[in-house]
Amino acid sequence: MLFRSVHPSWGGSGAVGSGFDIAVIRVAREDNQTEIIKMATIEEYNQLTRCDFFTVFGTGTTNTGEGTSDQLLKTGDLQFLSYDNMAFFPHYQNGVLQANYNLKPTFDHALCMNATVEFQPDGLSAICQGDSGGPLVHKDKLFGAVSYNYPPCNGGMPGVFTSVAHFQANGWIAANSDYDPNASNFWCNDQIGRASCR
């Protein structure tokens with residue numbers, strides 16, 4: 001890792017629900033990748049509905065208490081949930097309503113995903129321990145980073161993600177990186193002993 005900038009309002013692992021669970025890192029590249037995944041804009045965030053489905057990548061556990069994966073894993077399709085959906089979340093297991101919960105985040109820049117989707121194999125797909133910081137992708141754009149979930153991971157509870165669109169809109173990402181949303185190519189290469197972006 002060549003560079004790391006953690007949001008100054010991040011308070012450590014005990015402050016996951018604070019809404020500032022975001023950092024920028026720069027690493028040396030050793031591949032020839034030319035395609036990029038751009039970050040979602042705040043306008044794209046504001047247009048999301050329950051008809052939008054996302055994918056998450058990570059190397060975390062496949063269930064609470066298990067070891068982390070030595071391979072990159074990806075979820076099935078995770079359904080977007082609004083703050084209103086989270087404020088009255090019906091928790092089902094095996095098709096039976098267990099309870100309704102108020103799981104609405106205390107900050108206004110989260111992305112919430114439903115782990116229980118009817119057409120998924122076994123009825124659910126979710127994030128788990130060790131996936132933190134992993135990318136939340138939709139329509140070839142980075143919308144968020146894994147923040148927290150409600151264990152156990154296979155319990156059908158939703159996951160909460162930090163919205164990168166909000167930190168792009170408020171200028172924090174631009175102030176702490178070379179990211180240019182208008183650039184056609186944003187991969188960084190290790191050139192002459194330092195990282196540079198073209």
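What this report covers is the structure whose coordinates are included nearby. (Residues numbered from 1 in each chain as written. Predicted model: local features only at pLDDT ≥ 70, side-chain atom pairs only at ≥ 80, totals over all residues. Heavy atoms only, no water.)

### Quick notes on the packing of aromatic side chains
- Evaluation of the coordinates by the stated rule reveals four aromatic pairs.
- The interplanar angle of 90 degrees and the centroid separation of 5.4 Å between the aromatic rings of phenylalanine 54 and phenylalanine 143 together place this pair among those described as edge-to-face. Highlighted residues: phenylalanine 54 in strand β4 (residues 53-58) and phenylalanine 143 in strand β11 (residues 141-149), separated in sequence by 89 residues.
- Overall, the relative accessible area of 4% leaves phenylalanine 143 in the buried class.
- With 6.3 Å between their ring centres and 75 degrees between their planes, phenylalanine 167 and tryptophan 172 make a pair best called edge-to-face. (Phe/Tyr/Trp six-rings, centres within 6.5 Å; stacked < 30°, edge-to-face > 60°. Helix = DSSP H or I, 4+ residues; strand = E, 2+ residues; numbered from the N terminus. Buried < 20%, exposed > 50% of the residue type's maximum accessible area, 1.4 Å probe, protein only.)

### Overview of the pairing of strand β6 (residues 78-81)
- The sheet contact formed by β4 and β6 spans two bridges and is antiparallel. From the neighbouring strand, phenylalanine 54 faces β6, where its bridge partner is leucine 78.
- In this sheet, strand β9 (residues 110-114) lies alongside β6 in antiparallel orientation, the contact comprising three bridges. What sits directly across from glutamine 79, in β9, is asparagine 114. (Pairing = 2+ DSSP bridges.)

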